[in-house]
Amino acid sequence: MNLNERSQLLFKHLMALYLNDGKPVGSSVLAKLPDVGVSSATVRNVMADLERLGLIHSPHTSAGRIPTESGFRLFVDSILTVQPLQQSLQQQIESGFTKAHSQQELLGSASNILSGLTGMASLVMLPNQQQEVLRHIDFVKLGERRVLVVLVLNDKDVQNRVIEFDEPVSESHLLQAANYLNQHFAGNHLSDVKQMLVERMDQLRQSMDQLMLSVVEAADDVIDKSLQNTKPYFVSGKSNLLDYAELADAQKLKALFHSFEEHSDLLALLNKSMQAKGVQIFIGQECGHESYQNCSVITTPYEREGQVLGVLGVVGPSRMAYDKIVPRVDMTARILSSLLNK
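Residues numbered from 1 in each chain as written. Predicted model: local features only at pLDDT ≥ 70, side-chain atom pairs only at ≥ 80, totals over all residues. Heavy atoms only, no water.

**Section: the overall build of the protein**
The helix and strand tally for the protein stands at 12 helices and 10 strands. A compact globule built from 342 residues would reach a C-alpha radius of gyration of about 20 Å, whereas the protein, at 27 Å, exceeds it by more than 25%. In terms of overall dimensions, the protein has C-alpha extents of about 90 × 40 × 30 Å along its principal axes. For the protein, with 342 residues in total, the buried portion stands at 49%. (Helix = DSSP H or I, 4+ residues; strand = E, 2+ residues; numbered from the N terminus. Rg over C-alpha atoms; globule rule 2.2 N^0.38 Å. Buried < 20%, exposed > 50% of the residue type's maximum accessible area, 1.4 Å probe, protein only.)

**As for the sheet that holds strand β5 (residues 146–153)**
Spatial ordering of the open sheet is given by β4-β5-β6, a layout of three strands whose pairing is antiparallel. Of all strands in the sheet, those with a lone pairing partner are β4 (134–141) and β6 (157–164), marking the two edges. Strand-to-strand twist across the sheet, computed as the mean angle between neighbouring axes with direction ignored, equals 20 degrees. Across seven bridges, β4 lies against β5 in antiparallel orientation. The residue bridging D138 from the neighbouring strand is V150, located in β5. (Pairing = 2+ DSSP bridges. Axes fitted to C-alpha atoms, helices over the stretch in contact; angles between N-to-C directions.)

**Regarding the environment of D330**
By the element assignment, D330 lies in helix α12 (residues 322–341). The residues contacting D330, other than those within four sequence positions of it, are V279 and T300. (Contact = heavy atoms within 4.5 Å.)

**Observations concerning the sheet that holds strand β3 (residues 121–125)**
The antiparallel open sheet is built from five strands, whose spatial order is β7-β3-β10-β9-β8. Among the strands making up the open sheet, the edge pair consists of β7 (233–236) and β8 (280–283). Averaged over neighbouring strand pairs, the angle between their axes works out to 20 degrees when direction is ignored. Note: β3 against strand β10 (residues 307–317), four bridges, orientation antiparallel. For S122, the partnering residue across the bridge sits in β10 and is V314. The strands that helix α6 (residues 103–118) touches are β3, β7, β9 (295–304) and β10; relative to β7, the one it contacts most, it runs at about 35 degrees.

Shown next, in the form of structure tokens:
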């Protein structure tokens, strides 16, 4: 949508005023701005044109105007100028990751950093477990029948599960099973490891004694449960949304929090973000559910070794400081990707 120079100037000023204080903007306020240079009557005519175009509307309680979802979209696509991130903020993001070592800890830190840095709810879409690469498997004997199975994925991510056996298991059986599994399956994606184990199980039954076989089957069970991990993303800082007047209605917040738990709508949005490059901004109905009215979601992918693993971002009111929030989301993803590659 192309606006003439005067319309674009007035719309830009209206957006700036509304984003700053959240109040409807009147024609008289715009007419008094130093660089507008036209009468209140001219401003009213331009405002009427912008309203006919569906970019602004007048709430029932005021004669002033506020932007519509289409107005926000035009602003984000055509007018928004993103500020470069301050060096101090970049250092703050980097320091937020210092205590994280595993992939899971890095993702959790990214979520906490974003919610703290933006004052909004943050979300991190977790990597698809089928993309996880098995680096090493180990067994730690905890008792006669209790064994800790340790999966090392992608060099950093460690998953532990305790397995109970029906009869005592020896250190030699555990070592033998670990050597076999690491020799034949390390370096493969978990989904491939699962398939290979299924294909070899008949052969293993003939070549291994029963106890050794039960150890391998226990490892298979642990891998199976890892693949069935159905939590697609996690959300941090939901309570931050209580601070925004646009979202203060109890029923609206309840519906929004419920959509976080339902997964389907938000997951569809995150999957869409996975396919795109760079920062994406979704406004209102674009988010896929009516509970996101007056909300925006800003997302960007994070990656390891050139492969997109997932998406991180923030959820907040549509009336947000996009020029500041966008670079914070972008830089957090860049730093996370850099750390995942180390």
